[in-house]
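Fold and geometry: a report
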Amino acid sequence: MYQRADRQVRHHITMKSCKDTFYRHNFFESQPVENIFDLKDSRAYQAWREQKLTNQPRVLEQIVTISNPADLTFDERKKILDLCNVANLAIYSSEKIFNKKNVMEFASQLNLIGADRPLFVGDHGVSEITQIKGKPQSSFVPYSNKPMSWHTDGYYNPSGSEVFGFILHCECPASTGGETALLDPEIVYLQLRDLNPEYIEALMQPDVFEVDANIKDGKIIRPAQRGSVFSVVNGNLFMRFSGRKRFIKWKSGLAVERAKKALEEVLEDKSHFGIYYT
């Protein structure tokens, strides 16, 4: 998940699925997974938690340098996948200029397939996230110079069309500001479960979080979508969230209210293993 403080030009691609199957962290070879996200299985959770916290700081200090996004070397690809295996994210740099075709070629080498097709995405499947004026997308926050709150891509997608991975490529850094924050959803889950497992239980309810329908001129462009914040898909933790204050409804009740407050506090706490860069 990520948030944006200011304005850059970015190429952005979101993927609904990964090659052949869902992988442990979406990008690499499948491996047996204990029921670590079962609130009743504390033994498996504690073992996973210890490993997660031990490995996370090491991962966040590494940046993978790639020479050609259209033709990754074995070592480049392995480094990216190894980092994703531990932290669900990897940061890369390259002196080569990427175009939209390069971004798609880069994605395919990481087993990312099935590009999502939200509004304003062309046939290439890549969104250009930059300030746009005088066009239909101008009224949407990603295409403005406004900050974006914490969110996961595809939080408005229906069940069965989840986004399991994305690439956010910076083409032109902002002249001022432009901080982007990235955070592993498993770290969010871990911190909330450590605070109170009841928070996780509340946020895993299938109707806890609803996104209003997108309606324009009386026509429903996208129906309302209701679901959980945390769920488990084939042994993988999946998170669906938006920090937006408008067009979002939360299930009523004290348990959900407390869990939502705790989640917001975790996301705003910069002492966690988040990445903040410009």
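In this text the structure is predicted, and so the values were computed from the model without any measurement.

1. Things to note about the environment of Gly235
- Locating Gly235 in the fold gives a position in the loop between β14 (230-233) and β15 (236-239).
- Along the sequence, Gly235 and Asn35 sit 200 residues apart, while their C-alpha atoms lie 7.1 Å from each other.

2. Some remarks on the sheet that holds strand β10 (residues 209-211)
- Spatial ordering of the open sheet is given by β13-β10-β16, a layout of three strands whose pairing is antiparallel. The open sheet is flanked by β13 (225-227) and β16 (248-250), the only strands paired with a single partner. Sheet twist, expressed as the mean angle between neighbouring strand axes with direction ignored, is 15 degrees.
- Judged from the three bridges that link them, β10 and β13 form a sheet pairing that is antiparallel.

3. Some points on the pattern of salt bridges
- Counted under the stated rule, the structure contains eleven salt bridges.
- Its salt-bridge partner being Glu105, residue Lys101 comes within 2.4 Å of it at the nearest N-O pair. Pair noted here: Lys101 and Glu105 are both in helix α3 (residues 100-108), with a separation of four residues, about one helical turn.
- Exposure remark for Lys101: the relative accessible area of 55% places this residue in the exposed category.
- What you see here is one network of salt bridges that share partners, running through Lys52, Asp184 and Glu186.

The rules we used
Residues numbered from 1 in each chain as written. Predicted model: local features only at pLDDT ≥ 70, side-chain atom pairs only at ≥ 80, totals over all residues. Heavy atoms only, no water. Helix = DSSP H or I, 4+ residues; strand = E, 2+ residues; numbered from the N terminus. Pairing = 2+ DSSP bridges. Axes fitted to C-alpha atoms, helices over the stretch in contact; angles between N-to-C directions. Salt bridge = Lys/Arg side-chain N within 4 Å of Asp/Glu carboxyl O. Buried < 20%, exposed > 50% of the residue type's maximum accessible area, 1.4 Å probe, protein only.

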